[in-house]
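# Chains, contacts and geometry: an overview
Chain by chain, the residues:
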Amino acid sequence: MSKGAIIGASTVLVVAVVAAVCVVSFKNSGGKGGGDDGELSMSVKSVKAFCQPTDYQQTCEAELSKAAGNASSPTELAKAIFAVTSEKISKAISESSTLEELKNDQRTAGALQNCKELLEYAVDDLKTSFEKLGGFEMTNFNKAVDDLRTWLSAALTYQGTCLDGFLNTTTDAAAKMRNALNSSQELTEDILAVVDQFSATLGSLSIGRRLLGEDGMPTWMSEGGKRQLLAAPGPEAGPEEFKPNVTVAADGSGDFKTINEALAKVPPKNAERYTIYVKAGTYKEYVSVARPATNVAMIGDGIGKTIITGNKNFKMNLTTKDTATMEAIGNGFFMRGITVENTAGAENHQAVALRVQSDMAVFYQCAFDGYQDTLYPHAQRQFFRDCTVSGTIDFIFGNSQVVLQNCLIQPRKPMDNQVNIITAQGRREKRSAGGTVLHNCTVAPHPDLEKFTDKVKTYLARPWKEYSRTIFVQNELGAVVDPVGWLEWNGNFGLDTLFYAEVDNHGPGADTSKRAKWKGIQTLTYEDVQKEFTVEAFIQGQQFIPKFGVPFIPGLLPQTQQARTH
């Protein structure tokens, strides 16, 4: 089933939740009640009931009162809040006074172009909900709520990234765009608030969804298909083991010489797996797995053999998003046996190797090499298994729901007077689903840092955004990790609102006795993490990882078990 259909199913749940909201709110206000409230029309009462659990009640009530007309049913109000939010984002896209400034500032021009792209993603995630209603049976409401939280959080992230692009610009476009997006951001958060406040009510509703086959796998993925994704490509593979749709070879021995040429052949909104085999070689291109290119599998010959390389960076007057050597946007993306690198170097500041916003994407036995901002899990849900990530400053950053499991994390030598920070998670809103979890990974110095570990400090994280959320659980933390562990972003910013935790780690860098003592540092138990921050609980990994045949730990290892493989 398409993501759009699933979003649509999730929207049915929102409507159901809203019904519960209205019932509870009316009960709390005494139903027909006396005083001024008794004089209110049914539509006004319904709007107030709908907006009761939200964080921005005034915005919610004001916008719905204008947009919903005389609507009073939960269904009509749910449609209205999605519609008015989409309309406000669309208006921001076409903000004429801001677009006029494109002529004078290159960085502003890039930021506005990013806004157009990102806000279209946000509108799509909101509007598709009502295009795909009906026609299917729901059987698991809890997972549908998880999906809805993910996609609403992504819509918020796209709006925030739009605004981030205006940093270091010389025009007042940022202020104008921020004003244009203010209401839409608040309304998107309000929808999340409704879901958060009343999701428990869904347990009593006879609503569910049918997304997977009886074995829990997507109906289109055969056992043979799963084996093919893990089969060794090349001459050693048997004829039944590996059958890509197309082959890319830099030496001309395949169907195409470039990866982007192969991607152009993927059918739009592809419902079945489309496998691209990328032979060993170095591919100097900026690869984009576009939004319509869904269910793409990209298989290489191994780390250090199949290499995608680029060197775009901040000093080229580009936004951080636009520096990426590779971006994976189309949902259901899978990649194995490929190195993606950005060779700009530490001196050129932000320089992304991979940016990913593909929902339910998996990366297996890959490497991501760079310096500042190497790996950018931007939005949605991703799983990285048996991968290597190297970098210096904030080299794993973004606001995806992402789990890195059994990965090798390698801080490398930065510029003089710089420090290393492994993660800079970008959760802006307290209700956002975003967060970074490192599970059963190894943190060890890159070869170029090994002789300088006594001179270069390496920290686990710093709060890029106010509600930054990062959990290190059951990792091998090498001596390269500074005893303080966590680093401030700018003074006291985010120190009370961030959510950082370390649970059941070991190694010389795992001693927490000298760690920073901020209000936002959490003391979580093994059971706390098991309940909320595992592959299954945090990214609903059982829904999508098994179809690729990739090994994974759905929960946690036993507390005494050490299963490091690096």
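Residues numbered from 1 in each chain as written. Predicted model: local features only at pLDDT ≥ 70, side-chain atom pairs only at ≥ 80, totals over all residues. Heavy atoms only, no water.

### Describing the side chain of Ser432
Its place among the elements puts Ser432 in the loop between strand S19 (420–425) and strand S20 (435–439). For Ser432, a relative accessible area of 2% translates into the label buried. Residues contacting Ser432, with those up to four places away along its chain left out, are Ser153, Asn399, Arg427 and Arg469. (Helix = DSSP H or I, 4+ residues; strand = E, 2+ residues; numbered from the N terminus. Buried < 20%, exposed > 50% of the residue type's maximum accessible area, 1.4 Å probe, protein only. Contact = heavy atoms within 4.5 Å.)

### Quick look at the sheet that holds strand S21 (residues 442–443)
Reading across from one edge, S3-S6-S9-S12-S15-S18-S21-S24 is the order of the eight strands in this open sheet, with parallel pairing throughout. One side of each edge strand has no neighbouring strand; the edge strands of this open sheet are strand S3 (281–283) and strand S24 (476–477). Relative to strand S18 (residues 408–411), strand S15 (residues 388–391) runs parallel, the two sharing four bridges. Within S18, the position partnered with Gly391 by the bridge is Pro411. (Pairing = 2+ DSSP bridges.)

### Here we look at the sheet that holds strand S11 (residues 361–364)
Hydrogen bonds between backbone groups are what pair the strands of a sheet, and the pairing can be parallel or antiparallel. Across the sheet, which stays open at both edges, the 10 strands sit in the order S1-S2-S5-S8-S11-S14-S17-S20-S23-S25 with parallel pairing between neighbours. Of all the strands in the sheet, the pair left with one neighbour each is strand S1 (246–248) and strand S25 (499–503). Between one strand axis and the next, the sheet turns through 10° on average, direction left out of account. Note that strand S17 (residues 401–405) and S20 share five bridges and pair parallel. What sits directly across from Gln405, in S20, is His439. (Axes fitted to C-alpha atoms, helices over the stretch in contact; angles between N-to-C directions.)

### Some points on the environment of Thr85
Topologically, Thr85 is positioned in helix H4 (residues 74–93). Expressed as a C-alpha distance, the spacing of Thr85 and Leu126, which sit 41 residues apart in the sequence, is 8.1 Å. Sequence-distant contacts of Thr85, defined by excluding residues within four places in its chain, comprise Leu126, Ser184, Leu187, Thr188 and Ile191.

### A short note on unusual backbone geometry
Leave glycine aside and you will find that most residues have negative phi; peptide bonds, for their part, are mostly trans. Phi angles above zero are rare outside glycine, and Lys269 is one such case at about 50°. By secondary structure assignment, the location of Lys269 is in the loop between helix H10 (259–263) and strand S2 (274–278). Judged by relative accessible area, Lys269 falls into the exposed class, the value being 71%. Of note in the backbone geometry, Asp504 takes a positive phi value of approximately 60° without being a glycine. Here Asp504 lies in the loop between S25 and helix H11 (526–532). Classification of Asp504 as partly exposed rests on a relative accessible area of 29%.

### A short note on the UniProt feature "active site" (unreviewed entry) in the protein chain
Here, the residues flagged by UniProt with the feature "active site" (unreviewed entry) are Asp394. Note that Asp394 resides in the loop between S15 and strand S16 (396–398). The class for Asp394 is buried, based on a relative accessible area of 4%. The residues contacting Asp394, other than those within four sequence positions of it, are Asp373, Ile421, Ile422, Ala424, Arg462 and Trp489. (UniProt positions renumbered as here; feature names shortened; annotations may be inferred.)

### Some remarks on helix H3 (residues 57–67)
Among the residues of H3, Thr59, Cys60, Glu63 and Leu64 are the ones counted as buried. Down the axis of H3, the sector holding all buried residues measures 110°, keeping them to one side. Residues of H3 that are exposed and angled more than 90 degrees away from the buried face: Gln58 and Lys66. Positive backbone phi, at 60°, marks Gly69, one or two positions downstream of H3. (Arc of directions from axis to C-beta.)

### Concerning the state of the cysteines
Considering all chains together, one arrives at two disulfides under this definition. Between the sulfur atoms of Cys51 and its disulfide mate Cys60 the distance is 2.0 Å. Classification of the bridge connecting Cys51 and Cys60 rests on its S-S torsion, roughly -75°, and on that basis the disulfide is left-handed. Just as Cys51 is buried, Cys60 falls in that class too. Between Cys115 and Cys162 runs a disulfide, and the two sulfur atoms are separated by 2.0 Å. Residues Cys115 and Cys162 are joined by a disulfide whose S-S torsion is about 90°; by sign, that bridge is right-handed. Taken together, the residues span a long stretch of sequence, with Cys115 in helix H6 (residues 106–131) and Cys162 in helix H7 (residues 141–164) at a distance of 47 residues. Among the residues examined, Cys115 registers a relative accessible area of 1% and is labelled buried. Classification of Cys162 by relative accessible area gives buried; the value is 0%. (Disulfide = S-S within 2.5 Å.)

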